[in-house]
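Report on the structure
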Amino acid sequence: MSDNLVPFWEKAYQEYDTITFSNKPNSTITEFEHLIGNSSKVLEVGCGEGQNAIYLARQGHHVDAFDLSEHGIAKLKHICELSNVQVNAFVADLTTYQFEQCYDMITCFGTLHFVEKSEWKRFIHNAKEYTNIGGIHIIQIFTDTVPASEDIAPFAIGLAKDEEIKELYSDWEILQFKSYVFEDEHPNVPKHLHASNKIVARKVK
């Protein structure tokens, strides 16, 4: 792979003194985590360097977390060792991932649009099957409401249509749905815009 086709986060994951995205959990997790019981089983998909997974583990949950990036998982494990946090972190591809157990919460932020649309739809279908009754999904995906920013355009092959993710949860209780455009920036990447959908849904039957 040529250097210009390596996403910025791969380089940042190798720099242990750099925070690639955030060292705080996504605010939607802290808003809705009260809906799952103590010591719940949680799966974080596309965990990167693990700010969400580490936070949930610190709350006493049993957390599995995977990412395609070997560097991201190595950095997550390093952070866990330094802070004495237990996360079952491993390298995996969501397009071939095989569920082995059911979960009470499955989270995925800014990841699904990096695979073909048919693949992320298949993954969500499987994730729903492997969610316990009363379990929660928190899913965020970029949409094509605005063009993909230059930093992710070569990789964002599965941008959703606005509200497309909502259709996949029509048989669940939708607790929150947001469609929005936000400004973002990362180390060595100028400010840019992303269009996003975020959904929080609960399995009721």
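A closer look at the nonpolar core
Counting residues in hydrophobic clusters, the biggest one holds 24 residues, and the most contacted among them are Leu112 and Phe123. If you tally residues by element for this core, the top one is helix H5 (residues 117-129), at four residues. Not counting the four nearest positions on each side in its chain, Phe123 is found in contact with Val45, Phe66, Leu94, Tyr97, Phe99 and Leu112. Listed in part, the 23 residues of the second largest apolar core include Ile29, Cys47, Ala65 and Val85.

What about the pattern of salt bridges?
Across all of its chains, the model carries seven salt bridges by this definition. A salt bridge links Glu164 to Lys117; the nearest nitrogen and oxygen atoms lie 3.0 Å apart. A residue pair is termed long-range when its members are at least 10 positions apart, and Glu164 in helix H6 (residues 164-167) and Lys117 in helix H5 qualify at 47 residues. Ionic pairing is found between Asp171 and Lys128, a salt bridge with its closest N-O pair at 2.8 Å. In this pair, Asp171 is assigned in the loop between H6 and strand S6 (173-186) and Lys128 in helix H5, connecting sequence segments 43 residues apart. Judged by relative accessible area, which is 43%, Asp171 ranks as partly exposed. The buried category is assigned to Lys128, whose relative accessible area is 13%. Through salt bridges with shared partners, one network takes in Lys117, Lys121 and Glu164.

Some remarks on helix H4 (residues 70-83)
A rise of 1.5 Å per residue sets the reference length of H4, with its 14 residues, at 20 Å; its end C-alpha atoms lie 20 Å apart and thus fit the reference within 8%. Along H4, the positions that sit buried rather than exposed are Gly72, Ile73, Lys75, Leu76 and Cys80. Buried residues along H4 cover an arc of 160 degrees about the axis, so they all sit on one side. Every exposed residue of H4 that faces more than 90 degrees away from the buried side is listed here: Glu70, Glu81 and Leu82.

Side note on the environment of Ala12
Positionally, Ala12 belongs in helix H1 (residues 8-13). Of the residues examined, Ala12 reaches a relative accessible area of 7% and is grouped as buried. Linking Ala12 and Lys75, residues 63 residues apart in sequence, is a C-alpha distance of 9.9 Å.

So, the side chain of Gln176
Mapping Gln176 onto the fold places it in strand S6. Relative accessible area serves as the criterion here: at 12%, Gln176 is assigned to the buried category. Reaching out from Gln176, the side chain makes a polar contact with the side chain of Glu31 at a distance of 3.4 Å. With residues up to four places along the chain from it excluded, the contact list for Gln176 reads Thr28, Glu31, Phe32, Lys198, Ile199 and Val200.

Considering the packing of aromatic side chains
Taken as a whole, this structure holds nine aromatic pairs when the rule is applied. On the basis of an interplanar angle of 55 degrees and a centroid distance of 6.5 Å, the ring pair of Tyr97 and Phe123 is categorised as tilted. Residue Tyr97 is located in the loop between strand S3 (88-91) and strand S4 (103-109), and its partner Phe123 is located in helix H5; the two are separated by 26 residues in the primary sequence. For Phe123, a relative accessible area of 3% translates into the label buried. Here the aromatic residues Phe66, Phe90, Tyr97, Phe99, Tyr103, Phe123 and Tyr130 are joined through ring pairs into a cluster of three or more. Here the guanidinium or amino end of Lys128 rests over the ring plane of Tyr169, the centre of that ring lying 5.3 Å away.

The rules behind the values
Residues numbered from 1 in each chain as written. Predicted model: local features only at pLDDT ≥ 70, side-chain atom pairs only at ≥ 80, totals over all residues. Heavy atoms only, no water. Core = buried A, V, L, I, M, F, W, Y, C linked by side-chain atoms within 4.5 Å. Buried < 20%, exposed > 50% of the residue type's maximum accessible area, 1.4 Å probe, protein only. Helix = DSSP H or I, 4+ residues; strand = E, 2+ residues; numbered from the N terminus. Contact = heavy atoms within 4.5 Å. Salt bridge = Lys/Arg side-chain N within 4 Å of Asp/Glu carboxyl O. Expected span 1.5 Å × (residues − 1). Arc of directions from axis to C-beta. Polar contact = N/O pair within 3.5 Å; in protein donor to acceptor, adjacent residues only side chain to side chain. Phe/Tyr/Trp six-rings, centres within 6.5 Å; stacked < 30°, edge-to-face > 60°. Lys NZ or Arg CZ within 6 Å of the ring centre and 35° of its normal.

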